[in-house]
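# Examination of the molecular architecture
Next come the chains, spelled out residue by residue.
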Amino acid sequence: MTTTDRCPVAFPLRRPGRPFPPVEYADFRRTEGLVKSTLPSGVPVWLVTRHEDVRTVLTDPRISSNPSHPGFPRAAKTGGVPSQDQVPGWFVALDPPEHGRFRKTLIPEFTVRKVREMRPAIQQIVDARIDALLAAGNTADLIADFALSVPSLVISDLLGVPHVDRDFFEAKTRVLVTLTSTDAERESATKALMRYLNRLITIKQRRPGDDLISRLLADGTISRQELTGVSMLLLIAGHETTANNIGLGVVTLLSNPRWIGDERAVEELLRYYSVADLVAFRVAVEDVEIGGQLIAAGEGIVPLVAAANHDGTVFDRPDEFDPERSARSHVAFGYGVHQCLGQNLVRVEMDIAYRTLFSRIPTLELAVPVEELSLKYDGVLFGLHELPVRWSSTEE
Amino acid sequence: MVRISVDTERCVGAGQCVLSAPDVFDQDDHGIVTVLEEPADEPARDAARQAGLVCPSQAITVAES
């Protein structure tokens with residue numbers, strides 16, 4: 001065990017460019033014990049970077065996801081994980097056993113089989129987006145016009161959110177996933193989303209549809225009040241993360257075309273980019289030792305999944321995109337009881353998006369040099385702001 | 001030979017076992033892990049071991065016997 005105090009490093013660290021996690025992560029993984037950092041909020045935290053340690057942090061019952069515990073780290077300069085008082089039903093901020101009621105109620109909706117049954121509907125959405133791309137000309141911003149619209153439409157259909165409200169919920173979500181948003185902006189976006197979903201739930205109480213919100217209302221395990229936070233969480237998590245994954249993956253597959261249509265590429269892309277590196281925040285509720293480091297009760301912990309997914313002791317040549325490796329032990333979706341509920345939906349959406357896009361627009365190429373792509377350094381989630389592409393006008 | 005046991009109380013329904021070893025594991029109507037059949041050959045045993053390693057809630061034990 002080490003108790004040496006090191007100079008705290010800044011957080012979040014900057015990704016040096018496509019696609020690698022911050023170069024410092026490699027040093028941190030080799031460092032004895034853990035590395036101390038300070039969040040933009042001024043709160044000191046322990047950064048966890050080794051694959052094994054990240055998995056331990058995400059499963060140790062002495063480590064909590066609940067922001068009501070003293071010392072819970074606030075991520076951004078302002079704001080952070082909402083408490084149950086702020087957003088009732090925001091179940092990622094609950095520990096077992098309270099968390100289990102939400103998880104158990106929701107998992108039947110996201111099983112491998114359920115998601116497989118959604119494939120034809122997802123295929124239709126993807127095809128319609130590509131029809132629109134082709135009809136509009138031979139250039140596009142593939143983020144706005146495809147990578148974001150596909151998962152937004154998929155999660156809207158699942159929840160029963162009207163398509164016309166897409167611009168609204170995408171804009172509010174963008175505020176919440178931008179690190180530089182102010183407290184006031186964050187609070188107003190949260191309140192607007194809650195008001196909106198509250199109204200939607202009331203409508204569904206009167207006129208139930210064939211959608212997840214209506215099914216949860218009928219089931220009753222999740223209360224009417226909690227349903228606001230649950231649907232907000234699913235709506236946000238359901239489009240932003242997938243959008244970033246689809247966008248980044250297109251760039252990689254353009255230069256690695258032999259992997260188009262291979263499901264292993266999807267798994268490797270999830271590992272390679274680890275877009276949700278800055279998502280998990282935890283606090284120790286008892287003294288606990290992680291990776292040879294004593295963490296005192298009340299100290300904040302940030303398990304960095306991109307660091308874990310580029311741990312060379314688990315993944316050979318971790319900074320290479322190599323779908324032939326077995327990437328399945330990646331923690332891009334987290335680990336432990338909070339591991340992404342929608343992960344199978346993400347996989348299927350990525351798979352269908354790539355297959356269809358490259359088969360229907362085989363001359364697709366970047367419209368700017370890859371070095372000029374605008375990366376989301378200001379985001380909670382890593383990704384691209386825009387993805388300018390073009391294709392031969394004789395397509396279709 | 002391997003012996004597979006699952007803890008349905010621990011299971012969080014991520015479905016990673018079904019993706020890793022679809023011949024061995026399935027999810028029931030509640031999304032909870034169930035064992036379809038004991039792995040019959042070495043590739044299936046390997047897949048089951050892999051499922052045990054990636055299970056996020058450590059609900060799967062694959063004991064060598």
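So, here's what we can say about the structure.

### Here's the deal with the sheet that holds strand β9 (residues 300-303) of chain A
Residues and elements named next belong to chain A.
- Read from one edge of the open sheet, six strands run β1-β2-β3-β9-β6-β4, paired in mixed fashion. Of all the strands in the sheet, the pair left with one neighbour each is β1 (9-10) and β4 (63-64).
- Pairing analysis gives two bridges linking strand β6 (residues 282-284) to β9, with the strands arranged antiparallel. Within β9, the position partnered with V283 by the bridge is G300.

### Overview of unusual backbone geometry
- Each neighbour pair has its own omega, and for P96 of chain A with P97 of chain A the value is 5°, a cis peptide bond.
- Look at R317 of chain A: it is not a glycine, yet its phi comes out positive at around 40°.
- R317 of chain A gets classed as partly exposed once you look at its relative accessible area, which sits at 43%.
- Phi at Q58 of chain B takes a positive value of approximately 50°, unusual for a residue other than glycine.

### Some details on the interface of chain A and chain B
- Taken together, the contacts link 19 residues of chain A with 22 residues of chain B.
- Applying the counting criterion to the chain A and chain B interface returns one salt bridge.
- The salt bridge involving R113 of chain A is made with D26 of chain B; its shortest N-O contact spans 2.6 Å.
- At the surface where chain A touches chain B, the tally comes to ten residue pairs in polar contact (both at pLDDT 80 or more).
- At the level of secondary structure, the elements contributing two or more residues to the side of chain A that touches chain B comprise α3 (98-106), α4 (112-117) and α14 (343-360) of chain A.
- Ranked by the residues each element gives to the side of chain A that touches chain B, the list is headed by α14 of chain A, at three residues.
- Of the residues in the side of chain A that touches chain B, the class split is five nonpolar, eight polar and six charged.

### A short note on the sheet that holds strand β11 (residues 388-390) of chain A
- Read from one edge of the open sheet, three strands run β5-β11-β10 (chain A), paired in antiparallel fashion. Each edge of the open sheet carries a strand with a single partner, namely β5 (139-141) and β10 (365-366) of chain A.

### Some thoughts on empty space enclosed by the protein
Residue and element names in this part refer to chain B.
- Going through the model one piece at a time under the given rule, you end up with four cavities of 30 Å³ or more.
- Size it by volume and the largest cavity reaches roughly 90 Å³.
- Together, 14 residues line the largest cavity, and C11, A14, G15, C17 and C55 are the ones closest to its centre.
- Of the residues that constitute the lining of the largest cavity, the class distribution is nine nonpolar, five polar and no charged.

### Description of the side chain of H51 of chain A
Residue and element names in this part refer to chain A.
- Looking at where H51 falls in the secondary structure, it is placed in helix α2 (residues 51-57).
- A polar contact is formed between the side chain of H51 and the backbone oxygen of S329, at a distance of 2.9 Å.
- For H51, the residues in contact, after removing those within four places along its chain, are A308, D311, V314, F315, S329 and V331.

### Here's the deal with the pairing of strand β2 (residues 35-38) of chain A
All names here are of chain A.
- Residues of β2 alternate between two faces, with V35 and S37 buried on one and K36 and T38 left unburied on the opposite face.
- Pairing of β1 with β2 involves two bridges; the strand directions are parallel. Bridge pairing in β2 places A10 opposite T38.
- Where β2 and strand β3 (residues 44-48) come together, four bridges link them in antiparallel fashion. Looking across to β3, one finds that K36 is bridged to W46.
- Hairpin connection between β2 and β3: a loop of five residues separates the two successive antiparallel strands, and G42 in this loop has a positive phi of roughly 95°.

### Here's the deal with the pattern of salt bridges
- Enumeration over the complete set of coordinates arrives at 27 salt bridges over all chains.
- As a salt-bridge pair, K204 of chain A and D211 of chain A come within 3.1 Å of each other at their nearest N and O atoms. In this pair, the class of K204 of chain A matches that of D211 of chain A, namely buried.
- The salt bridge partner of E267 of chain A is R347 of chain A, with a shortest N-O separation of 2.9 Å. Of this pair, E267 of chain A sits in helix α12 (residues 263-273) while R347 of chain A sits in helix α14, placing them 80 residues apart in sequence.
- Its relative accessible area of 10% is what places E267 of chain A among the buried residues.
- Salt bridges sharing partners connect three or more residues here, namely E42, R45, D46, R49 and E64 of chain B.

What counts, and where the lines are drawn
- Residues numbered from 1 in each chain as written.
- Chains lettered and ligands numbered in written order.
- Predicted model: local features only at pLDDT ≥ 70, side-chain atom pairs only at ≥ 80, totals over all residues.
- Heavy atoms only, no water.
- Pairing = 2+ DSSP bridges.
- Helix = DSSP H or I, 4+ residues; strand = E, 2+ residues; numbered from the N terminus.
- Buried < 20%, exposed > 50% of the residue type's maximum accessible area, 1.4 Å probe, protein only.
- Contact = heavy atoms within 4.5 Å.
- Salt bridge = Lys/Arg side-chain N within 4 Å of Asp/Glu carboxyl O.
- Polar contact = N/O pair within 3.5 Å; in protein donor to acceptor, adjacent residues only side chain to side chain.
- Nonpolar A, V, L, I, M, F, W, Y, C, P; charged D, E, K, R; others polar.
- 1 Å grid on protein atoms, 1.4 Å probe; cavity = no way out; pocket = protein on both sides within 12 Å on 5 of 7 lines; lining within 4 Å.
- Points joined across faces, edges and corners; volume = space filled by probe spheres on them.

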